[in-house]
Amino acid sequence: MSEVKENLLYSEEHEWAFVVDERTVRIGISDHAQAQLGDIVFIEFPEIGSTLSAGDSMGSIESVKTVSELYCPVSGKITKVNTGLEDAPEQVNSAPYDGGWLAELEIEGSMEEALKHLLSAEKYQELID
């Protein structure tokens, strides 16, 4: 069974969002998503400074099985990517909620507004069951 962390919010496309501070959200893919993908071998990151809307493609993730689009769960400007994954993309498999995070962005507008369409851990668990 996939781990679903209570302190995160989730998109229906299996990305998670963690509020770092009042302007910053860290994003990654869920444990469920990494398990479905299999062994991750490459990640195409969004460009730092690019502005994305919720639902926009922000790169791709390649596993031994397939290549999947990554979707931005909230609107904002990319401020950081996890460059450590360039040499160790398998961290997404071993620690999707910790060392396997993908990017951080500065949200547009209020945090409450940016997150309102995301799923709670309980609702996400219902989605993947």
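Residues numbered from 1 in each chain as written. Predicted model: local features only at pLDDT ≥ 70, side-chain atom pairs only at ≥ 80, totals over all residues. Heavy atoms only, no water.

Colleague: Can you help me understand the pairing of strand β6 (residues 57–63) in this one?
Modeller: Consecutive residues of a regular strand have side chains that alternate between opposite faces of the sheet. Summarising burial for β6: five of the seven residues are buried, a large majority. In this sheet, β6 lies alongside strand β4 (residues 40–44) in antiparallel orientation, the contact comprising four bridges. If you follow I40 over to β6, its bridge partner there is S63. Turn length for the β6-strand β7 (residues 67–71) hairpin, with the two strands adjacent in sequence and antiparallel, is three residues. (Buried < 20%, exposed > 50% of the residue type's maximum accessible area, 1.4 Å probe, protein only. Helix = DSSP H or I, 4+ residues; strand = E, 2+ residues; numbered from the N terminus. Pairing = 2+ DSSP bridges.)

Colleague: Explanation requested: a nonpolar patch on the surface in the structure shown.
Modeller: Together, V41, F42 and V64 make up an exposed nonpolar region whose accessible area comes to about 290 Å². In this structure, V41 sits in strand β4. Judged by relative accessible area, V41 falls into the partly exposed class, the value being 42%. (Patch = residues over 30% accessible without salt bridge, like charges linked within 9 Å, V, L, I, M, F, W, Y side chains within 5 Å. Areas by Shrake-Rupley, 256 points an atom, 1.4 Å probe, with all protein chains shown as cover. Salt bridge = Lys/Arg side-chain N within 4 Å of Asp/Glu carboxyl O.)

Colleague: Help me understand the UniProt feature "domain: Lipoyl-binding" (unreviewed entry) in the protein chain in this model?
Modeller: UniProt annotation of "domain: Lipoyl-binding" (unreviewed entry) refers to residues 24–106 when read in the numbering used here. Annotation note: span residues 24–106, helix share 18%, strand share 42%, distance between end C-alpha atoms 5 Å. (UniProt positions renumbered as here; feature names shortened; annotations may be inferred.)

Colleague: It is not clear to me how unusual backbone geometry should be interpreted in this structure. Could you clarify?
Modeller: Leave glycine aside and you will find that most residues have negative phi; peptide bonds, for their part, are mostly trans. If you check the backbone angles, H14 has positive phi at about 80 degrees while not being a glycine. Summarising the element assignment, H14 is placed in the loop between β1 (9–10) and β2 (15–19).

Colleague: I'm lost on the pattern of salt bridges in this one. Help?
Modeller: Two side chains with opposite charge may pair up if their charged atoms get near one another. Summed over the entire model, instances satisfying the criterion amount to three salt bridges. Where E104 meets R26, a salt bridge forms, and the shortest distance between an N and an O atom there is 2.5 Å. Pair noted here: E104 is in strand β9 (residues 103–107) and R26 is in strand β3 (residues 24–29), with a separation of 78 residues, a long-range link. A relative accessible area of 23% places R26 in the partly exposed class. One salt bridge connects E113 with K116, and the closest N-O pair in it is separated by 2.9 Å. Look at E113 and you get partly exposed, because its relative accessible area is 45%. Relative accessible area serves as the criterion here: at 60%, K116 is assigned to the exposed category.

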